[in-house]
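A structural walkthrough
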Amino acid sequence: MDAVLALAEASKSFGAVRALREVSLRLVAGEAHALAGENGAGKSTLVKILSGVHRPDNGRILLDGAPVDFGRPADAQQAGVAVIYQEPTLFPDLSIVENIFMGRQPRTRFGRIDRTAMSEQARRLFARLGVHLDPEQAARGLSIADQQLVEIAKALSRDARVLIMDEPTAALSGNEVARLFGVVNALREQGCAVLFISHRLDEIFELCQRVTTLRDGTLVAEHLIADITPDDLVRRMVGRDLDALYPKQDSAPGEIALEVHRLTREGVFTDVSFQVRRGEIVALAGLVGAGRTEVVRTVFGIDRQDAGWVEVGGRRLRPASPTAAMAAGLALVPEDRRQQGLVMDLSIERNVALTGLADVRRGPLISRAAEHARARDWAVRLRLKFARLSDPVGVLSGGNQQKVVLAKWLARKPSVLIVDEPTRGIDVGTKAEVHRLLSELAVSGVAVLMVSSELPEVLGMADRVLVMHEGRLVAELPRDEATEESVMSAATGRTAA
Amino acid sequence: MTALTEATRPGAGGRGLIDRLTRVRELGIVLALAALFGVTGAVNPSFLSVGSIRDILLNSAIVAMLAVGQTLVIVTRNVDLSISSIVGLTGFGGALVLADHPAVPIPVVIAGCVTLGAACGAINGLLVGMAKVPALVATLGTLYAFRGIDYAWAGGRQVNAADMPESFLALGSRSVLGVPLLALVTLTVLLAVGWMLRNLRSGRELYAIGSNPDAALLAGIRVRRRVMAAFVANGALAGLAGVMWAARFGTVDATVATGRELDVIAAVVVGGVAIFGGSGTVFGAALGALLLTGITSALAVLRVDALAQTAINGALLIAAIVLDRLLALRVAGTLRRRRYRDAR
């Protein structure tokens, strides 16, 4: 069958980094094609070439077999390519409905935007997707999941011939994913070609008919989904047999390192109490929006609690003071590494040094040499992939950026390490490395508190699982009692006492 | 299932009031205007006389015109500092042509000034849109460049009211149905631009660009072209304001409107247009101009030292921004609680 959109031996370099090398890909009408690969394998670059954001250095884009030049995203859109990008690209000041139709608003005969028709179309789209959002509401303040749903509605509203989805499900719930897949399948049956990227292998196997694997910017293999197993796919992605994904080592819990007592922040979470011992990994599970991130933010002193307190090593922390929390030996690896974890324009070594400027100081000045040594040391220990330590962290892949955030905090030798979604948007290989590292830290006596939305990660890594539901701690499950069913039913409030 | 994520949320009611309040940012300034006129009028009733109000409208017409244009630019997350120089250039140029070539019809002179202003705006647009010079720097440069051209052209000359045709000067002082003509011109432009910003794709795209420039590119918006257009339109309106200046004041030289760009930006910001783009309306900006002009008049009526007026304008500007910031924080807090409620 002829490809609607194809890439023929396309290459793309950014400076010295060869992001994509002579990759060919054919998207056929009525077929969902998965793109698999670790972070940094070149998936996002490929998407950006097909969507007109980047122009390939070599090779061609073929539309219905004829070469085309996508100089701008608008060119790709006119050719019928709709893209859901990994990061939501919304206009915070504008309403949801304007976000969906920006640049393509329905108009009356006189060129005036037809708001009634626009709202009506948005409502129909949302009904089809099963989304309960007010289309007239401003996009500012939407949760990540809601933003992602708006992105999806935006792409679907284009009636595209080619639908490209770069990690559309990262923030979505099971229900929402099922709805999305239903709509995508319907589009596919109408003759739409689909390119789908996800780190969740089960989704690839559920939705797609064909899978192309990339590694280090080159094409490894193309398979029919029916011809390959998930294990094979993982092996092709990482190019080696994976160490166990959850290398949890047993360690004996020591004394209490972190104690949270009846912590409350009005309207966010209520009466949250728990302890984390040295040598223990405690997972904080729950649905998105249950208040987990908010709890750890308050524990670390970013937000101020309305009641309750936090003790580290038996000493009560001053509220709302990250400085005090850090001094007490607390470290927080935040959920959103691009916004909160890193200064994207600063170099790797500068970022690593940020949390310990006192350690790299010589008199009143910062010693570049000490900074460099500190970063090099951690880069080796965390197996960081980089060109030079003086490169800005923005050029690293997501997994490697996360390692830099970890290095930045581990360099402080914390007694309590809080990690919020430590492996979100990270490839399988790096994921295993992050897990190994967390496990090693626990064995060495660090108390680890891990917020995670990934059930296998929670079950695979935690000694104890705390479950939150609607701002309250509803269950505490030891490792041998924590199962998918027990955690999920607590998280959805079914066993809430 | 691999992930623990939230189940579908129910739609929520009772959010109308917050949304409406966040949308109608002009409400605050309307209240401020009411308070200004109420208090001043109570102290000195002559402030509310027809003549006094007509004066205030006339005085605010030019600043309001410039504020409308500036809003187009600021909404796209840019700024144009060069408008006062464009007013100076077109105001002096127009007056000079009228004085030296009385045969040229007045509409042609007006069209010429608007075109000259648009050309100046195009230079700004090229620098910002094509050459990617930050607007603050580019228009600071053209602020001096345009004024320099103005000085060279004038060569120290001044055009007096006596040199210009009566019919032209009448435009500056005439009233239609009791409303000054210049105020009507500004009102017409205001309504037209306000309608376009709300109802045309190109208008909405200006907001999109200011709200998230990267997303605007991905949405297929021709960002450079739109930014360019905003600068050209702003330049054209500044050209029109230049003619209005000449007609209103009669005596013009090369220093016309020097320093006025900051008054205009102040009016725009007081009027609720976000300085980093993406939100605000021309109506707010025009109200801001009216408020600042009204305060100047009120302070005179209240016999406040003229020197203190500048300081008061500054305090007002800061108050407007602080209020805006507090409102934003309030809204963020409300959204927080609301989201929590919805999640239950």
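Quick caveat, the model's predicted, so the values are computed rather than measured. (Residues numbered from 1 in each chain as written. Chains lettered and ligands numbered in written order. Predicted model: local features only at pLDDT ≥ 70, side-chain atom pairs only at ≥ 80, totals over all residues. Heavy atoms only, no water.)

Glancing now at the overall build of chain B. Summing up its helical and strand segments, chain B has 14 helices and 2 strands in all. Counting only residues that meet the buried cut, chain B has 50% of its 344 residues in that class. Look at the contacts in chain B between residues 6 or more apart in sequence, and 78% of them connect residues 24 or more apart. Accessible surface for chain B amounts to roughly 15300 Å². Of this, 68% is attributable to carbon and sulfur atoms. (Helix = DSSP H or I, 4+ residues; strand = E, 2+ residues; numbered from the N terminus. Buried < 20%, exposed > 50% of the residue type's maximum accessible area, 1.4 Å probe, protein only. Contact = heavy atoms within 4.5 Å. Areas by Shrake-Rupley, 256 points an atom, 1.4 Å probe, with all protein chains shown as cover.)

This next bit is on the overall build of chain A. Scanning chain A for helices and strands turns up 17 helices and 22 strands. For 497 residues, the compact-globule formula gives about 23 Å, and the C-alpha radius of gyration of chain A, at 24 Å, lands near that figure. Dimensions of chain A, computed from the C-alpha atoms along their principal axes, are close to 70 × 50 × 50 Å. Going through the 497 residues of chain A one by one, you find that 57% of them count as buried. Summarising the internal contacts of chain A: among those between residues at least 6 apart in sequence, 66% fall at separations of at least 24. Of the roughly 20200 Å² of accessible surface on chain A, 47% is carried by carbon and sulfur atoms. If you average the places of the 63 positive and of the 65 negative side-chain charges in chain A, the two averages end up 5 Å apart. (Rg over C-alpha atoms; globule rule 2.2 N^0.38 Å. Lys, Arg positive; Asp, Glu negative; His and termini not counted. Charge placed at Lys NZ, Arg CZ, Asp CG, Glu CD.)

Let us now look at helix 3 (residues 50-74) of chain B. Three- or four-residue spacings in an α-helix give side chains the same orientation, since the helix completes a turn every 3.6 residues. Residue and element names in this part refer to chain B. Spanning 25 residues, helix 3 covers 34 Å between terminal C-alpha atoms, matching the ideal 36 Å at 1.5 Å per step. Ala-61 marks where helix 3 bends most, by close to 40°. Judged by how many residues are buried, helix 3 sits mostly within the fold: 18 of 25 residues are covered. (Expected span 1.5 Å × (residues − 1). Bend = angle between axes of the 7 residues up to and from the residue.)

Moving on: the domain arrangement of chain A. All names here are of chain A. In terms of domains, chain A is made up of domain 1 (3-90 + 142-238) and domain 2 (256-491). With centres defined by C-alpha atoms, the gap from domain 1 to domain 2 works out at 31 Å. A combined buried area of about 880 Å² lies between domain 1 and domain 2, and 58% of that area is made up of carbon and sulfur atoms. On the surface where domain 1 and domain 2 come into contact, there are 0 salt bridges. Our count for the contact surface shared by domain 1 and domain 2 stands at 0 residue pairs in polar contact (both at pLDDT 80 or more). Split into classes, the residues belonging to the side of domain 1 that touches domain 2 amount to 4 nonpolar, 3 polar and 2 charged. (Domains from an automatic or database assignment. Buried area = accessible area lost by both parts, 1.4 Å probe. Salt bridge = Lys/Arg side-chain N within 4 Å of Asp/Glu carboxyl O. Polar contact = N/O pair within 3.5 Å; in protein donor to acceptor, adjacent residues only side chain to side chain. Nonpolar A, V, L, I, M, F, W, Y, C, P; charged D, E, K, R; others polar.)

Attention now moves to the environment of Leu-184 of chain B. Assignment of secondary structure puts Leu-184 of chain B in helix 8 (residues 181-199). Between the alpha carbons of Leu-184 of chain B and Asn-59 of chain B there is a distance of 12 Å; along the sequence they are 125 residues apart.

With that out of the way, let us pick up the nonpolar core. Side chains of a nonpolar character, in soluble globular proteins, are inclined to be buried together. Counting residues in each nonpolar core, the largest one holds 83 residues, and the members touching the most others are Phe-91 of chain A together with Leu-66, Val-87, Val-159, Phe-168 and Ile-221 of chain B. A total of 13 residues in this core trace back to one element, the largest contributor, which is helix 11 (residues 223-249) of chain B. When residues no more than four places from it in sequence are discounted, the contact partners of Val-159 of chain B are Phe-92, Ala-95, Leu-96, Ala-99, Met-164, Gly-250, Thr-251 and Val-252 of chain B. Grouped together as the second largest cluster of nonpolar side chains are 78 residues, Leu-284, Val-333, Leu-449 and Leu-477 of chain A included. (Core = buried A, V, L, I, M, F, W, Y, C linked by side-chain atoms within 4.5 Å.)

For the rest of this paragraph, the subject is the packing of helix 2 (residues 26-43) of chain B against helix 13 (residues 282-301) of chain B. Packed helix pairs are characterised by how far apart their axes lie and by the angle those axes make with each other. Residues and elements named next belong to chain B. Where helix 2 contacts helix 13, the axes come no closer than 10 Å and their chain directions differ by 20°. It follows from the interaxial angle that helix 2 and helix 13 lie roughly parallel. Handedness of the helix 2/helix 13 crossing: left-handed. Packed against helix 2, whose contacting residues are Glu-26, Ile-29, Val-30, Ala-32, Leu-33, Leu-36 and Thr-40, the element helix 13 presents Gly-284, Leu-287, Gly-288, Leu-290, Leu-291, Gly-294, Ile-295, Ala-298 and Val-301 at the interface. (Axes fitted to C-alpha atoms, helices over the stretch in contact; angles between N-to-C directions. Parallel < 35°, antiparallel > 145°, perpendicular 65-115°, else oblique. Left-handed = near helix turned anticlockwise from the far one by under 90°.)

So, about the sheet that holds strand 16 (residues 330-333) of chain A. All names here are of chain A. Read across the open sheet, the 6 strands follow the order 16-19-20-13-21-22; overall the sheet is mixed. With one partner strand each, in any of the chains shown, strand 16 and strand 22 (472-478) form the two edges of the open sheet. Averaged over all pairs of adjacent strands, the angle between their axes in this sheet comes to 20°, without regard to strand direction. By the bridge criterion, 6 bridges tie strand 21 (residues 464-469) to strand 22 in an arrangement that is antiparallel. Across the sheet, the residue bridging to Val-467 is Ala-475, located in strand 22. (Pairing = 2+ DSSP bridges.)

This part covers the side chain of Thr-90 of chain B. Residue and element names in this part refer to chain B. If you trace the backbone, Thr-90 turns up in helix 4 (residues 83-100). Owing to a relative accessible area of 1%, Thr-90 belongs among the buried residues under this scheme. A polar contact is formed between the side chain of Thr-90 and the backbone oxygen of Val-87, at a distance of 3.3 Å. Setting aside residues no more than four positions away along its own chain, Thr-90 makes contact with Cys-113, Leu-116, Gly-117, Ala-238, Gly-239 and Gly-242.

We now examine the packing of aromatic side chains. Residue and element names in this part refer to chain B. Overall, the coordinates contain 5 aromatic pairs over all chains when judged by the stated rule. On the basis of an interplanar angle of 85° and a centroid distance of 6.2 Å, the ring pair of Phe-92 and Trp-153 is categorised as edge-to-face. One end of the pair, Phe-92, is in helix 4; the other, Trp-153, is in helix 6 (residues 135-154), and 61 residues separate them in sequence. Its relative accessible area of 41% is what places Trp-153 among the partly exposed residues. Seen from their ring centres, Trp-245 and Phe-249 are 4.9 Å apart, and the 45° between their planes marks the pair as tilted. Taken together, the positions of Trp-245 and Phe-249, both in helix 11 and 4 residues apart, correspond to about one turn of that helix. Residue classification places Trp-245 among the buried positions, given a relative accessible area of 12%. (Phe/Tyr/Trp six-rings, centres within 6.5 Å; stacked < 30°, edge-to-face > 60°.)

Next up on the list: the side chain of Glu-31 of chain A. Along the chain, the position of Glu-31 of chain A falls in the loop between strand 2 (17-28) and strand 3 (32-36). At 3.0 Å, the side chain of Glu-31 of chain A forms a polar contact with the side chain of Arg-210 of chain A.

Residue and element names in this part refer to chain A. Sheet architecture is open: 6 strands sit in the order 6-7-8-3-9-10, paired in mixed fashion. Edge positions in the sheet fall to strand 6 (81-84) and strand 10 (218-224), since each of these pairs with one other strand and no more. Within the sheet, the average angular offset between the axes of one strand and its neighbour, ignoring direction, is 15°. When strand 6 meets strand 7 (residues 162-166), the two strands line up parallel, connected through 4 bridges. Among the inter-strand pairings, Val-81 is bridged to a residue of strand 7, identified as Val-162. Those strands touched by helix 5 (residues 144-156) are strand 6 and strand 7, and its axis lies near 175° from that of strand 6. On the sheet, helix 6 (residues 174-189) packs against strand 3, strand 7 and strand 8 (193-197) and is oriented at approximately 150° with respect to strand 7.

Together, Val-343, Leu-346, Leu-354, Leu-357 and Ile-366 of chain A line one region of the surface with nonpolar side chains, adding up to about 350 Å² of accessible area. By the element assignment, Leu-346 of chain A lies in the loop between helix 11 (337-341) and helix 12 (348-353). (Patch = residues over 30% accessible without salt bridge, like charges linked within 9 Å, V, L, I, M, F, W, Y side chains within 5 Å.)

The next thing to look at is the pattern of salt bridges. Any two side chains of opposite charge can pair, on the condition that their charged atoms come close. Summed over the entire model, instances satisfying the criterion amount to 26 salt bridges over all chains. Here Glu-98 of chain A and Arg-204 of chain B are joined by a salt bridge, their closest N and O atoms 2.6 Å apart. With Glu-98 of chain A in helix 3 (residues 96-101) and Arg-204 of chain B in helix 9 (residues 201-211), the pair connects residues from two separate chains. Residue class for Arg-204 of chain B comes out buried when judged on its relative accessible area of 10%. Across the salt bridge formed by Glu-440 of chain A and Arg-436 of chain A, the nearest N and O atoms sit 3.1 Å from each other. Placement of both Glu-440 of chain A and Arg-436 of chain A in helix 15 (residues 428-443) is noted, with a separation of 4 residues, approximately one turn of the helix. Sharing partners across several salt bridges, the network here consists of Glu-31, Arg-210 and Glu-222 of chain A.

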